[in-house]
Amino acid sequence: MDAVLDWMHGRSSLLLLTHTRPDGDAFGTLIGLLRLLNADGRWEASAYMSTPVPERYNAILPHDTSLAIGKLPEQRRHDGIVCLDTARADRIDAPNSTHTMPLRIEQCNIDHHPDNSLYGAVNWINPESTATAQMILRLADSLNLAMVPEAATALLFGLVTDCGTFRFQNTSPQALRDAARLIECGGAYHAIVDTLHFRQPYGRLLIQSKLLETADFAYNGRLVYSVLREEDLQGADVSRSIDGVEIACLLQPEDDGVRFSLRARSARYSVGPIARELGGGGHQLAAGARLRGVTVAEARERLVALTRKVFAS
Ligand SMILES: [Mn+2]
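The structure contained in this document is the topic of the report that follows. What you see is a predicted model, and the numbers here were worked out from it, not measured in a lab. (Residues numbered from 1 in each chain as written. Predicted model: local features only at pLDDT ≥ 70, side-chain atom pairs only at ≥ 80, totals over all residues. Heavy atoms only, no water.)

**A short note on the overall build of the protein**
Filter applied, for reference: Only DSSP runs of H or I reaching four residues or more are called helices, and only runs of E reaching two or more are called strands; each is numbered from the N terminus. Note on method: radius of gyration uses C-alpha positions; expected globular size equals 2.2 Å times residues raised to 0.38. Only protein chains enter the area calculation, which uses a 1.4 Å probe; residues under 20% of their type maximum are buried, those over 50% are exposed, and those in between are partly exposed. Between two residues, a contact is recorded if the distance between any of their heavy atoms is within 4.5 Å.
When helices and strands are counted, the protein shows ten helices and twelve strands. Taken against the 2.2 N^0.38 rule, which gives 20 Å for 313 residues, the C-alpha radius of gyration of the protein at 19 Å falls within 12% of a compact globule. Oriented by its inertia axes, the alpha-carbon framework of the protein measures out at about 60 × 40 × 35 Å. Out of the 313 residues in the protein, the part that is buried amounts to 52%. Within the protein, contacts between residues at least 6 apart in sequence are counted, and of these 65% link residues at least 24 apart.

**Quick notes on the nonpolar core**
Selection criterion: Definition of nonpolar core: a set of buried residues of the types Ala, Val, Leu, Ile, Met, Phe, Trp, Tyr and Cys, connected through side-chain atoms within 4.5 Å.
Counting 52 residues, the largest nonpolar core has M8, L16, L37, L61, I110, L139 and M147 as the members making the most contacts within it. Among the elements that line this core, the one with the most residues is helix α5 (residues 149-162), at eight residues. Other than its neighbours up to four places away in sequence, L139 contacts M1, V4, L5, M8, L33, I110 and W124. In terms of nonpolar packing, the next biggest core, distinct from the first, is built from 26 residues, I247, C249, L251 and L285 among them.

**Comments concerning helix α4 (residues 132-142)**
For α4, the tally of buried residues reaches eight of eleven residues, placing the bulk of the element in the interior. If you check which residues of α4 are buried, you get T132, A133, Q134, M135, I136, L137, L139 and A140. Once α4 finishes, N144 follows within two positions and takes phi at roughly 55°, a positive value.

**Details of the sheet that holds strand β10 (residues 257-264)**
Formally: Here a strand pair is declared whenever DSSP counts at least two bridges between the two strands.
The strand order across the open sheet formed by six strands is β7-β8-β9-β10-β12-β11, and the pairing between neighbours is mixed. The open sheet is flanked by β7 (216-218) and β11 (281-282), the only strands paired with a single partner. Direction of pairing for β10 relative to strand β12 (residues 286-292): antiparallel, over a ladder of seven bridges. Bridge pairing links F260 to A289 in β12.

Shown next, in the form of structure tokens:
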């Protein structure tokens, strides 16, 4: 973190970026840090995402005028880019598709993915962190940034989503302490839980039930997988909460291949190596990959073969 502090003190105008297909920790860290910096005033900060925050999160993550969607205001001249929760440079949700713009400005890489490729000019990677959001909390403390309630809510959202609302095995005592701290600073915990768990669109619940209905099992029920053909269903999950399941995988056909979304019950049978063998990456308990030029049947075969290795180890 010291390298990050030095790097920040040498800069005045920062652009914040996160990864493509952003998840809760991506939204939370991007918006949280943006709010913290702009409330403080020592830095001029803006952020960019190619697509807006999903509408269902509007109540907890209201729009911020310094967050640019789809197009970056031309006149801004940034002297540094902070990349949040993003393991590899090619996963940065950059203001243009070729990623040429960010590469010309120095990057500061803040992330908790163990397979981070250290692409930044400075890299602060803490795999012990349940969420990148906690690292932003540490950073805020070190920079003496006031933890304003909107930032606390955004960071709490990142932390809560990355640990499955304190159900996943990455829920550490520190995660709970940090959550308590963010709630004390005004983080809207009940609104977050309400949004995530008690306001599911009916269509989404129907899809979950369809996933269960069409699920396939292998290895005596230890692997479950399902094919999802509908678009835009991030967070849909073939339930690893099924008794006996160690690994769950969602296969999503795309134009030029298949996307794998993998979840493990415990670190004993980690999905990280499976994702990496498929050319992707992620954590032990949650990982993903995208295989080009394969059919769903071929993707299924690869999955079952790779899972065999994990169960055999
Ligand atoms: Mn994360």
